[in-house]
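# Coordinate analysis (summary)
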Amino acid sequence: MPAKPTAPQEVELKLEVAPSELKRVLAHPLLKERSNGAAAQTLHSTYFDTPDHALQQAGISLRVRRNGDRRIQTIKAARSPDGIALARYEWEQEVDSDSPDYNLAGKTGLKPLLEHSGSIKPVFRVLTERTLHTVSFESSIIELAADDSRVEGKERTVSLASLNLNSRTAHRQICSNLPLHYPQQRPCA
């Protein structure tokens with residue numbers, strides 16, 4: 001009997017960085033040595049939930065992100081923690097507007113919550129200037145996204161910076177071990 005197909009999975013390690021240190025981290029010799037180049041992106045993301053945060057409570061996130069003329073709807077569903085890397089189920093599909101397309105959510109982790117679709121509204125928006133590197137590490141290819149972001153909610157706006165190590169092919173230990181691979185290296189030395 002064939003194996004039952006599983007949902008697409010994302011393995012991600014997210015590291016918060018002081019916004020003032022982001023350029024220094026990107027100039028680190030180890031990144032320059034392992035990276036296959038960098039690409040700049042401006043991302044406009046809107047995150048959605050119900051007024052009582054039903055999606056968040058169920059471990060679901062719903063986002064529509066615009067990058068140039070493309071809009072991608074992303075649904076992520078939490079999995080049990082396993083190590084320091086965050087492993088989640090993830091479904092991405094191109095959409096025509098900045099609003100979610102619930103017709104595309106029938107085979108995702110959002111399906112059990114579609115009864116709330118009438119009350120799902122934008123919760124916050126994020127404007128991100130991203131520098132994207134493709135990094136070779138061991139036998140894996142990892143995307144390293146250096147994000148300088150402004151998060152705009154109803155009551156406040158917050159600036160933050162982060163490094164996100166993503167792999168859809170690498171074992172979660174790769175993303176967990178990459179920052180520890182050279183313990184003598186200090187990212188901001």
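If you're wondering where the values come from, they're calculated on a predicted model, not measured in any experiment. (Residues numbered from 1 in each chain as written. Predicted model: local features only at pLDDT ≥ 70, side-chain atom pairs only at ≥ 80, totals over all residues. Heavy atoms only, no water.)

Attention shifts here to the confidence of the model for the chain. Per-residue pLDDT for the chain averages 83, and the proportion of residues at 70 or more is 79%. Contacts for the low-pLDDT stretch residues 1-5, under 50 throughout, to residues beyond four places or in other chains number zero contacts. In this model residues 172-176 is a low-confidence stretch, pLDDT under 50, and it forms 18 contacts with partners more than four residues away in sequence or in other chains. (pLDDT = per-residue confidence, 0-100. Contact = heavy atoms within 4.5 Å.)

It is worth spelling out unusual backbone geometry at this point. Keep in mind that most residues, glycine aside, have a negative phi and that most peptide bonds are trans. The phi angle at His53 is positive, at roughly 60 degrees, despite the residue not being glycine. For His53, the position within the fold is in the loop between β2 (35-49) and α3 (54-57). (Helix = DSSP H or I, 4+ residues; strand = E, 2+ residues; numbered from the N terminus.)

To continue, consider the environment of Glu129. Mapped onto the fold, Glu129 is located in strand β6 (residues 121-137). Using a relative accessible area of 42% as the deciding quantity, one classes Glu129 as partly exposed. It is 5.2 Å that separates the C-alpha atoms of Glu129 and Asp148, two residues lying 19 residues apart in sequence. Apart from residues lying up to four places away in sequence, Glu129 is in contact with Gln41, Thr42, Ala146, Asp147 and Asp148. A distance of 2.9 Å separates a polar atom in the side chain of Glu129 from a polar atom in the side chain of Thr42. (Buried < 20%, exposed > 50% of the residue type's maximum accessible area, 1.4 Å probe, protein only. Polar contact = N/O pair within 3.5 Å; in protein donor to acceptor, adjacent residues only side chain to side chain.)

Further remarks concern the packing of aromatic side chains. Evaluated as defined, the whole model comprises two aromatic pairs. When the centroid spacing of 4.8 Å and the interplanar angle of 15 degrees are considered together, the rings of Tyr47 and Phe124 count as stacked. Placement of the pair is Tyr47 in strand β2 and Phe124 in strand β6, with a sequence separation of 77 residues. (Phe/Tyr/Trp six-rings, centres within 6.5 Å; stacked < 30°, edge-to-face > 60°.)

Before going further, it helps to examine the pairing of strand β4 (residues 70-78). The sheet contact formed by strand β3 (residues 60-67) and β4 spans eight bridges and is antiparallel. Opposite Leu62, over in β4, you have Ile75 as the bridge partner. Hairpin geometry of β3 and β4 is characterised by an intervening segment of two residues between the two adjacent antiparallel strands and by a positive phi of about 70 degrees at Gly68. (Pairing = 2+ DSSP bridges.)

The subject of this paragraph is the nonpolar core. Core analysis: the biggest nonpolar cluster contains 14 residues, and Val17, Leu22, Leu31, Leu144, Ala146, Leu163 and Leu165 have the highest contact counts within it. Sorting the residues of this core by element identifies β1 (9-17), α1 (22-26), β6, β7 (140-152) and β8 (157-167) as the ones contributing at least two each. In this view, Val17 contacts Leu22, Val25, Ala161, Ser162 and Leu163; residues no more than four positions away in its chain are not counted. Among the nonpolar cores identified, the runner-up in size contains 13 residues, and Ile75, Trp91, Leu110 and Ile120 belong to it. (Core = buried A, V, L, I, M, F, W, Y, C linked by side-chain atoms within 4.5 Å.)

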